[in-house]
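Geometric and topological summary
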Amino acid sequence: MARRPLVAHVVGARPNYMKVAPVYAELERRGRVEQRLIHTGQHYDVIMKDVFFSELPLPRPHVELHIGSGSPGDQTGRALIELERVFLELDPDLVVVAGDVNSTLAGALAAVKVAVAVCHIEAGLRSFEWDLPEEHNRRITDHLSTLLLTHSDEANENLAAEGIPSEDQQVDLVGNTMIDTLLANIDAARALEACRDFGVERQHYVLVTLHRQRLFAEPGLLQRTLHALDVLSSSLPVVFPLHPRTRGALEANGLLADSEILFADPLPYRQFLSLQADAAAVITDSGGVPEETTVLRVPCFTLRDHTDRPVTVRLGTNTVIGQDPAAIESVPSLLNLQRSTQIPPFWDGRAGERAADAVERLLTLVEVPA
Ligand code: UD1
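Here we summarise the structure given alongside this text. (Residues numbered from 1 in each chain as written. Predicted model: local features only at pLDDT ≥ 70, side-chain atom pairs only at ≥ 80, totals over all residues. Heavy atoms only, no water.)

**Some words on the nonpolar core**
Soluble globular proteins: nonpolar side chains tend toward being buried together. The biggest cluster of nonpolar side chains holds 56 residues, and the ones touching the most others in it are Tyr 17, Leu 58, Leu 149, Leu 182, Tyr 205, Leu 207 and Leu 275. With seven residues, the top contributor of residues to this core is helix H1 (residues 14-30). Not counting the four nearest positions on each side in its chain, Tyr 205 is found in contact with Cys 195, Val 200, Leu 236, Pro 237, Val 239, Ser 274, Leu 275, Asp 278, Ala 279, Ala 280 and Ala 281. Ranked by size, the runner-up nonpolar core spans 27 residues in total, among them Val 208, Leu 229, Val 238 and Ile 328. (Core = buried A, V, L, I, M, F, W, Y, C linked by side-chain atoms within 4.5 Å. Buried < 20%, exposed > 50% of the residue type's maximum accessible area, 1.4 Å probe, protein only. Helix = DSSP H or I, 4+ residues; strand = E, 2+ residues; numbered from the N terminus. Contact = heavy atoms within 4.5 Å.)

Here is the structure:
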């Protein structure tokens, strides 16, 4: 019997799993390809990594690398070396990467170095901030990819402005695979009522996530941000699950003590989704969270100067309030603002199916419609 084509998926950091899972699961269901899941070990703590495999339709990784933390070049470089070795052993027909983390770029670069085609899930996003690692990662990954799966018109426009697709590339607007994962889990998540674990009531708290490097780079910014969140917590409880880097910085600056903020460890996927769904508002510097709040129709305030997801502002519930922490104190007065609550096209729970169609077309497993 002829060998089925082999698809190798590379994941490494927390946001990768929700994006890859629907594509992996749909390809598995159809059974026309063999699949391998490779984890680089960029995120390695149980709460940043292992918990997600029990909640999502992903197998335990077939290959686990242990690249761990390091400077961006060091981390990306070690992932590149290890992934090249793995690809030479596995000999895949296609490598799938997602998002914009260091493991994404390493996976794409390692694949093209050994002449394997790359599929990029969530291609075409740009914040036009060339000092951010995510911007290098996604931009270079797009230029290395053969199949670019996008989630919004803006992404296609960004790619077109950079001359993509070139002759040997293909761009497919398939929608948002992370929203497939959200829709598959939302009922179970709501049933958890995770806000009760924090002693807060539905619609009567603000959920916060902050972990970007920029918050720690500018002197005093972290302190001022915490102060503003403390002020906010005197009118609305603030629940703040801490990324390990954020916890480390807060501890180093003695900012965890004497605060009314309800701090927590990073949370499993469904618990975090439950907290988002029931929040009065979310304050974040994440790129993915405003997509989720858009579908949940929860007001979201992005504590950055730019967003790489303008569709969440144009159609969804996201407001970009800038990096200045003073803006946090105005959040209560912004809660009742009229905002659009449309769901972007193709954020409908079927992006994984369309992505699987595109992958199968690329591997010529199905007839290409004339
Ligand atoms: C990475 C992504 C970012 C994504 C985020 C989600 C890049 C460039 N950035 O950032 O886009 O939004 O993941 O979480 O890839 N750490 C732990 N335990 C872990 C993982 C990390 O303690 O399991 C610590 C590391 O030691 C390091 C810090 O967190 O000090 C940063 O980790 P790193 O993987 O470099 O990047 P993130 O900030 O997580």
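**Describing the site of the ligand**
Neighbouring the ligand are 20 residues; His 43, Ser 69, Glu 134, His 243 and Arg 245 lie closest to it. Within the contact set of the ligand, an oxygen atom lies 3.5 Å away from a side-chain nitrogen or oxygen of Gln 75. At 2.9 Å, a side-chain N or O of His 211 approaches an oxygen atom of the ligand. Relative to its free-state accessible area of 740 Å², the ligand is covered by the protein chains to the extent of 84%. Of all the elements in the fold, those that place two or more residues in the shell around the ligand are H1, helix H5 (133-144) and helix H10 (244-252). (Near = heavy atom within 4 Å. Polar contact = N/O pair within 3.5 Å; in protein donor to acceptor, adjacent residues only side chain to side chain. Areas by Shrake-Rupley, 256 points an atom, 1.4 Å probe, with all protein chains shown as cover.)

**Some thoughts on the sheet that holds strand E10 (residues 262-264)**
With parallel pairing, six strands are arranged side by side in an open sheet as E10-E9-E8-E11-E12-E13. Looking along the sheet, the strands with just one partner apiece sit at the ends: E10 and strand E13 (318-320). Neighbouring strand axes in the sheet, compared pairwise and without regard to direction, differ in orientation by 20 degrees on average. For strand E8 (residues 206-209) and strand E9 (residues 238-241), the ladder comprises two bridges, and the chain directions are parallel. What sits directly across from Val 206, in E9, is Val 238. (Pairing = 2+ DSSP bridges. Axes fitted to C-alpha atoms, helices over the stretch in contact; angles between N-to-C directions.)

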